[in-house]
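Observations on the model geometry
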Amino acid sequence: MLRKFLTKNIVWLFIFSLILSNGGYFAPLTKAQNENPTYGDSNVPVILPRSTWDNTPALNALMTWMPDKNASPSDYQPVERIIVHDTGCDASNPTCNNTPNPVATIQAIYRYHAVTRGWGDIGYNYIIDQQGRIYEGRYGGNGTRAAHVFVDRTNDNFNFGTIGISLLGNYAKIQPPEAVYQSLARLVAWLAQTNNLDTQGVRSSSIWNLVTSEFSSLYNGPIIVGHKDVEKGNPDPGSLDFSRLRREAAAFAAEYKNYIYQVDGLPKIYKIFSGTRQIYDDLPSYANAGGVYQKSIAISQSQLDLFSESRFLKYPDGSLLQITGEPTIYLIQDGKKRNLNVTAKQFAQLGFDFARVRVVEESDLNIYQEADAVKYGPDKQLLSDGRRVFLIQGGKKRWVPSGALFVALGYGWSKVKLAPADLKNYLDGAVLSYPDGTLLQAADQEAVYLVEGGKPKRFISAEIFLNLKYGWSKIKKIPAEELAYYPAGDYVKYKEGTLLRPKDENNVYLISGGQPILIDGATFKKKKYKWASVRVIAAQDFHVLYRGAALASPLLAPSASPSPFASPSPSATPSVSPSPSPSSTPVPITGSEPKMRAAIYEVLTPGVTLTASTAYNILDKSGQIIAAKNANENYVYNIPTVASGAFVKIAPQAVDGIVTIVSYEEHPAWKPSLNYNQFRGAVEIIYSAKANKIWAVNELNLEDYLKGIAEISQTDPVEHQKTMIVAARTYAYYYILKGGKRGADEVYILNNTSSDQLYKGYVRETAAPTVVDAVKSTRGEMALYNGSPIITAYSSGAPELNTVGTKSACSIWGLQFCQAGFEYLAGGVRDPIGAPYTQSICGGGNHCVGLSAAGSRRFAITGAKNYQEVLKYYYLGAEIRRVY
């Protein structure tokens, strides 16, 4: 508790310094803003617009985050809970709970959240000052994902589906002023009423988890809570009487129940309910539509514009949704809704959990096209639709992709029945595969696979195949198209307890938990291991299997011997050769600038309009030019009915040509006239079989990609910009060599969001020329260890790095990070004194492994180290080398 108290006050000292040192425009509040906490003779609270404090171009430019309705999950979610905070400050300071200029304080918090914390905007949805005035906070309006509660310990993101309200001041030991209580109760009531929430209710909510990337965590508690209730150990707001707040808010909410709204002097009628607004031309139109009301309240247009006619909700595939008060549960699949027409027992047998069902409004489901209802199939039956045969298991249909497999699994054709008409209603299960232990090889292909867990796992070399005592005569040949049906597994690895030594090292490793653990001499002797038991293997095999290196190509035998996977006779002994790559570079480095493929957005429209600044070619999937267009001539690509056939590529004929996706819009809030829809290189509209989605993908040179990176700002210190660009280049190159962050079977390497690297294309270059300069001045430079690109882990840092230094990756993440090759993340590196920390402790997302952003900024500000020295300082033993 003391640590949190001290840290919060350190933060407030920093914010106070921003108030004093930053040239914001502190506009005095008008008399109306000062004197009218409610509208007219009602208790509806006045919410002062964001422009009250975000009131200069310099402040506008600090906002770099915009809600994305097409993100997954969408940045717009139905509101399920309201969370109250206080901003905290040094209670011994007379101005702490009596802020003389609340606008200046809010502006300072905005700078701290948007710039120092890197959130791109203020974290709270609403702020209440000590006189009870209410201010609009984060941009985006009702239902927008904010940045006010993330629980590091569990990686749970409470910012989806919650409203964050913060009270200016420190109420750990004293009660807020009565004016604050009354404004808070009115605001909570109004937001609850307009979002159909029970202020005195309790509910269970699914919480987005950063690790699982799903709404997989559960929180059960009151709908109106404090920060302290959802994040244990956080004290704010300590003394607030929530029983009183919920009780008084309930009374206000009952009063607001049948209100309608107008803007002074205008005839339009607004009805706000369930998080959306309905607009009628005038009062007679509202009455003719069956509308009833108790009172019409004249409020500001800016307050009405917090709500829209649609909440832009987009639930991820796999979501379970249920309309309020209705028994039916729907499954969202392929962007459509499917009625789960099953019993409670069948629901569980299908693998679903009632705790994961989200209660929504009917309007939320109306935006989805209805697909076939889900039924539970007759277990253990073999059914045929005349073309394919399925086995029903757990109520799902599992396809048998070949007759050979059908026989191998011991099934008889006489047992197959004609499928009923409702076969389409059964959910698809995993494709049936050969029994575990089966060796498979596609006809006319060299690769051999071992079936484990129902998935074919590839042998990366003949050496591993033979070392594991498999026989060539046991390989079963199947058509290549059949092998493609099975979900791919990992590579075949050595068994638990195996002792390995790669040929390029003297180290011995024990395979434990699927990972190599370095064995020192003392342990080797203590465990009574024998050198004869140590298997010496090809360096590339070791690096591919256990260090994430890319498999550059199939490992072939010398030309004098048959290929190791070229169907040898039973008596033949295939020979192998090590990778032609030098043993000191386990991950191949090309020496030339690679191509990057960045996913821009998921295409959900029936057509995409594109053009280019120069003459350009239109190519098909085989790379053939199917048409050519003049500069700035639009081309409309219509998405085919069968989504899997979607592909087109737009490639400018000139190297400096810029492709524009005319039908795509992404406007930064700080300068709405900009549109991040222009890109260097080529743009593809391409179907991803892995994600079952159609993506717009930008393919371009890696250096051009880095020019569009939006992870750092135009005003950051130059050396810090260079540090982060080299780290970003290394990060991208690492995944280029791996074939992509999500696997080589995905159509892009990284996406353009902050979950990978924030990328905004050509327009970003024009907005941040100093970042472009940082890219040019560090061209081709990367952080390497033992000749390979490293995992450039970095985080915000925390004060403990001043004394104990950075954390080791082994202690935080374990597994492969505990083996040789990751010494550069061994930790123990101390930050410079005066580092501008934004986090109080290490933990969760702020892992404190590798580079400390606070330390990097401090080195850049003081000039104590240049960017290369900073990278080598934090990544122990790494070298900074120009790779191309």
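About the criteria used
Residues numbered from 1 in each chain as written. Predicted model: local features only at pLDDT ≥ 70, side-chain atom pairs only at ≥ 80, totals over all residues. Heavy atoms only, no water. Helix = DSSP H or I, 4+ residues; strand = E, 2+ residues; numbered from the N terminus. Buried < 20%, exposed > 50% of the residue type's maximum accessible area, 1.4 Å probe, protein only. Contact = heavy atoms within 4.5 Å. Areas by Shrake-Rupley, 256 points an atom, 1.4 Å probe, with all protein chains shown as cover. Disulfide = S-S within 2.5 Å. Axes fitted to C-alpha atoms, helices over the stretch in contact; angles between N-to-C directions. Parallel < 35°, antiparallel > 145°, perpendicular 65-115°, else oblique. Left-handed = near helix turned anticlockwise from the far one by under 90°. Nonpolar A, V, L, I, M, F, W, Y, C, P; charged D, E, K, R; others polar. Pairing = 2+ DSSP bridges. Phe/Tyr/Trp six-rings, centres within 6.5 Å; stacked < 30°, edge-to-face > 60°. Lys NZ or Arg CZ within 6 Å of the ring centre and 35° of its normal. Salt bridge = Lys/Arg side-chain N within 4 Å of Asp/Glu carboxyl O. Expected span 1.5 Å × (residues − 1). Core = buried A, V, L, I, M, F, W, Y, C linked by side-chain atoms within 4.5 Å. Arc of directions from axis to C-beta. Polar contact = N/O pair within 3.5 Å; in protein donor to acceptor, adjacent residues only side chain to side chain. pLDDT = per-residue confidence, 0-100.

**Comments concerning the overall build of the protein**
Secondary structure summary: the protein contains 23 helices and 46 strands in total. Across the 884 residues that make up the protein, the buried fraction comes to 52%. A fraction of 69% describes how many contacts in the protein between residues 6 or more apart in sequence connect residues 24 or more apart. Just so you have it, the protein exposes about 38600 Å², and 52% of that area is on carbon and sulfur atoms.

**A short note on the state of the cysteines**
Evaluation of the coordinates by the stated rule reveals one disulfide. Between the sulfur atoms of C842 and its disulfide mate C848 the distance is 2.1 Å. Of note, the bridge from C842 to C848 carries an S-S torsion of about -90° and is left-handed in sense. Side by side, C842 and C848 carry an identical accessibility label, which is buried.

**Some thoughts on the packing of helix α18 (residues 718–738) against helix α22 (residues 853–862)**
For the pair α18 and α22, interaxial distance at closest approach is 7 Å and the crossing angle is 140°. Here α22 runs oblique to α18, going by the angle between their axes. The handedness of the crossing between α18 and α22 is right-handed. Residues E719, H720 and T723 of α18 pack against A853, S856, R857 and A860 of α22. Residues that form the contact of α18 with α22 fall into these classes: two nonpolar, three polar and two charged.

**Some points on the sheet that holds strand β33 (residues 616–619)**
What the seven strands build is an open sheet, ordered β34-β33-β36-β39-β40-β31-β41; its pairing is mixed. The strands lining the two open edges of the sheet, one partner per strand, are β34 (625–629) and β41 (750–751). Of the pairings in the sheet, the one linking strand β39 (residues 682–688) to strand β40 (residues 693–701) comprises seven bridges and is antiparallel in character. What sits directly across from V683, in β40, is N698.

**As for the packing of helix α5 (residues 178–194) against helix α7 (residues 242–256)**
Following both chains from N to C, one finds α5 and α7 inclined at 55°, their axes separated by 8 Å at the closest point. The angle between the axes of α5 and α7 places the two elements in the oblique class. The handedness of the crossing between α5 and α7 is right-handed. Within the contact between the two elements, α5 uses E178, Y181, Q182, L184, A185, R186, V188, A189, W190 and Q193 and α7 uses R244, L245, E248, A249, F252, A253 and Y256.

**Some words on the packing of aromatic side chains**
With the rule as written, the count across this model stands at 35 aromatic pairs. The interplanar angle of 75° and the centroid separation of 5.0 Å between the aromatic rings of Y280 and Y286 together place this pair among those described as edge-to-face. Here Y286 falls in the buried class, since its relative accessible area comes to 4%. An aromatic cluster is present here, built from F459, F465, Y470 and W472 joined pairwise through their rings. Geometry around W65 places R138 over its ring, the cationic atom sitting 4.0 Å from the centre.

**Some thoughts on the pattern of salt bridges**
Following the criterion strictly, the structure yields 33 salt bridges and no others. Across the salt bridge formed by R277 and D305, the nearest N and O atoms sit 2.9 Å from each other. Pair noted here: R277 is in strand β13 (residues 276–280) and D305 is in the loop between α9 (301–304) and β15 (320–323), with a separation of 28 residues, a long-range link. Each of R597, K649, E684 and E699 takes part in a single network of salt bridges with overlapping partners.

**Let's talk about the sheet that holds strand β6 (residues 156–157)**
Judged by pairing direction, the sheet is antiparallel, and its four strands sit side by side in the order β5-β6-β8-β9 without closing on themselves. Of all the strands in the sheet, the pair left with one neighbour each is β5 (150–151) and β9 (214–222). Note that strand β8 (residues 202–209) and β9 share seven bridges and pair antiparallel. Bridge pairing in β9 places R203 opposite G221.

**Details of the environment of I661**
As for its position among the elements, I661 is in strand β37 (residues 659–661). Residues I661 and F679, 18 residues apart in the sequence, show an inter-C-alpha distance of 8.4 Å.

**A short note on helix α4 (residues 102–116)**
Relative to the 21 Å expected for 15 residues at 1.5 Å per residue, α4 spans 20 Å between its end C-alpha atoms, a close match to the ideal helical length. Of all 15 residues in α4, 14 are buried, a share of seventy percent or more. Backbone geometry just after α4 places G118 at a positive phi near 80°.

**Some details on the side chain of S206**
Tracing the backbone through its elements, the reader meets S206 in strand β8. The class for S206 is buried, based on a relative accessible area of 7%. Apart from the residues within four sequence positions on either side, S206 is in contact with F215, S217, L218, A355, R356 and R358.

**Quick notes on the nonpolar core**
Counting 73 residues, the largest nonpolar core has M596, I661, I685, L702 and Y705 as the members making the most contacts within it. Top contributing element to this core by residue count: α18, with 11 residues. In this structure M596 touches N698, E699, L700, L702, Y705, A732, I736, I749 and L750, once residues within four positions along its chain are discounted. One finds I109, A192, I223 and L304 within the second-largest nonpolar core, a separate group that totals 58 residues.

**With respect to helix α23 (residues 867–874)**
Listing the buried residues of α23 in full gives Y867, V870, L871 and Y874. Seen along its axis, α23 keeps its buried residues to an arc of 95°; they face one direction. Turning to α23, the residues buried within the fold contact α18, α20 (769–777), β42 (781–785), β45 (851–852), α22 and β46 (879–882). Residue N866 occupies the N-cap position of α23, its side-chain oxygen lying 3.1 Å from the main-chain nitrogen of Q868.

**A few points about unusual backbone geometry**
Despite not being glycine, K469 shows a phi value in the positive range, around 70°. Structurally, the position occupied by K469 is in the loop between α13 (462–467) and β26 (475–478). For K469, a relative accessible area of 70% puts it in the exposed group. For C848, which is not glycine, the phi torsion reads 65° and is therefore positive. You can see C848 is positioned in the loop between α21 (809–813) and β45.

**Some thoughts on the confidence of the model for the protein**
Mean pLDDT for the protein: 84, with 89% of residues reaching 70 or above. Considering each helix and strand of the protein separately, the mean pLDDT is smallest for helix α1 (residues 2–21), with a value of 44, and largest for β37, with 97. Across residues 1–14, confidence stays below pLDDT 50; counting only partners more than four residues off in sequence or on other chains, it has 23 contacts. Confidence drops under pLDDT 50 across residues 16–28; counting only partners more than four residues distant or on other chains, this segment forms 19 contacts.

**A few points about the environment of D541**
As for its placement among the helices and strands, D541 is situated in helix α16 (residues 539–546). For the pair D541 and K493, spaced 48 residues apart in the sequence, the C-alpha separation amounts to 9.5 Å.

**Structural notes on the environment of V389**
Relative to the helices and strands, V389 resides in strand β20 (residues 389–393). Sequence spacing of V389 and L418 is 29 residues, and the spatial spacing of their C-alpha atoms is 9.3 Å. The contacts of V389, once residues within four sequence positions are left out, are L382, L383, S384, R398, W399, V400, F406, W413 and V416.

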